[in-house]
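Structure assessment
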Amino acid sequence: NAGVTQTPKFRILKIGQSMTLQCTQDMNHNYMYWYRQDPGMGLKLIYYSVGAGITDKGEVPNGYNVSRSTTEDFPLRLELAAPSQTSVYFCASSYKRQYSNQPQHFGDGTRLSIL
Amino acid sequence: DQQVKQNSPSLSVQEGRISILNCDYTNSMFDYFLWYKKYPAEGPTFLISISSIKDKNEDGRFTVFLNKSAKHLSLHIVPSQPGDSAVYFCAASANDMRFGAGTRLTVKP
């Protein structure tokens, strides 16, 4: 019962580098999300997907890209890393859409530092 | 634009006593409210939810109260146990989900 798996757990990037944060879920959920959590702040939605091939922007999408080619995978891409993107990133999935009472299942997070 | 606020960054209680975690919101369009629990180095896990048409929901030791007129909800944990020590996030949903900044609960043996 893996649930939502995120890789890597930690990463340090230099300014201007690019990387992809991986997220996969084995619960056959249609809905998947990427959040970031900055110190002392709540989680903020970056992008979400309602199914394979369909993605949409959340509250803070600038500087990020996503794709959803399969139900299981929802990678998050940083093209030109900036210090402001230093954060903890959480991937989540749910059976129903995000604004219902269905809880989201979260991965354990990726701690990303941009230096 | 913080639509969901948890004004207490931390709370410490004695084992066996009641823990009360508070959350305030500003958007009257929120129709569901959820509490998540987070341990270090793990993702948040769902704890309990309440619909805006109810004022109370109970699940074992956990009860959530909703006061719509005051735009306030609270999570009661009775009795508190050391394993309850974690960060608790309040979340509210309308067209999207908004999270509070979290309250770190410490339950002392």
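Our subject is the structure that appears above.
In this report, the structure presented in the accompanying data block is examined.

Cut-offs used in this document
Residues numbered from 1 in each chain as written. Chains lettered and ligands numbered in written order. Predicted model: local features only at pLDDT ≥ 70, side-chain atom pairs only at ≥ 80, totals over all residues. Heavy atoms only, no water. Buried < 20%, exposed > 50% of the residue type's maximum accessible area, 1.4 Å probe, protein only. Helix = DSSP H or I, 4+ residues; strand = E, 2+ residues; numbered from the N terminus. Pairing = 2+ DSSP bridges. Salt bridge = Lys/Arg side-chain N within 4 Å of Asp/Glu carboxyl O. Patch = residues over 30% accessible without salt bridge, like charges linked within 9 Å, V, L, I, M, F, W, Y side chains within 5 Å. Areas by Shrake-Rupley, 256 points an atom, 1.4 Å probe, with all protein chains shown as cover. Disulfide = S-S within 2.5 Å.

For a regular strand, side chains alternate in direction, first toward one face of the sheet and then toward the other. Residue and element names in this part refer to chain A. In terms of burial, strand β5 (residues 43–51) is largely enclosed, as seven of its nine residues are buried. Pairing geometry for strand β4 (residues 31–37) and β5, over six bridges, is antiparallel. The residue of β5 that forms the bridge with M32 is S49. Linking β4 back to β5 in an antiparallel pair, the connection comprises five residues, with G40 at a positive phi of about 75°. Here β5 pairs with strand β6 (residues 54–57) via four bridges, running antiparallel. Directly across from G51, in β6, lies its bridge partner I54. Hairpin geometry of β5 and β6 is characterised by an intervening segment of two residues between the two adjacent antiparallel strands and by a positive phi of about 85° at G53.

Here we take up the sheet that holds strand β3 (residues 19–25) of chain B. With antiparallel pairing, five strands are arranged side by side in an open sheet as β1-β3-β8-β7-β6 (chain B). Unpaired on one side and paired on the other, β1 (4–5) and β6 (56–59) of chain B mark the two borders of the sheet.

This part covers the pattern of salt bridges. Side-chain pairs of opposite charge can arise whenever the charged atoms involved come near each other. Considering all chains together, one arrives at seven salt bridges over all chains under this definition. Ionic pairing is found between D84(B) and R61(B), a salt bridge with its closest N-O pair at 2.8 Å. With a gap of 23 residues between them, D84(B) in the loop between β8 (72–77) and β9 (86–93) and R61(B) in the loop between β6 and β7 (62–67) connect regions that are remote in the sequence. For D84(B), a relative accessible area of 2% gives the class buried. Of the residues examined, R61(B) reaches a relative accessible area of 21% and is grouped as partly exposed. Several salt bridges converge on common partners, so that one network encompasses E59(A), D96(B) and R98(B).

Right, let's get into a nonpolar patch on the surface. Residues and elements named next belong to chain B. A contiguous nonpolar patch, built from I18, I20 and V78 and spanning about 220 Å² of accessible area, is present on the exposed surface. Positionally, I20 belongs in strand β3. With relative accessibility at 36%, the residue I20 sits in the partly exposed group.

Tallying each qualifying case throughout the model produces two disulfides over all chains. Each disulfide pairs two cysteine sulfurs, and for C23(A) the partner residue is C91(A), the sulfurs being separated by 1.8 Å. Its torsion about the S-S bond being -75°, the disulfide of C23(A) and C91(A) is classed as left-handed. On the criterion of sequence distance, the pair formed by C23(A) in strand β3 (residues 19–25) and C91(A) in strand β9 (residues 87–94) is long-range, its members being 68 residues apart. No difference in accessibility class separates C23(A) from C91(A), as the two residues are buried. Between the sulfur atoms of C23(B) and its disulfide partner C90(B) the distance amounts to 2.1 Å. Disulfide C23(B) to C90(B): torsion about the S-S bond roughly -70°, handedness left-handed. With C23(B) in strand β3 and C90(B) in strand β9, the pair connects residues that are 67 residues apart, well separated along the chain.

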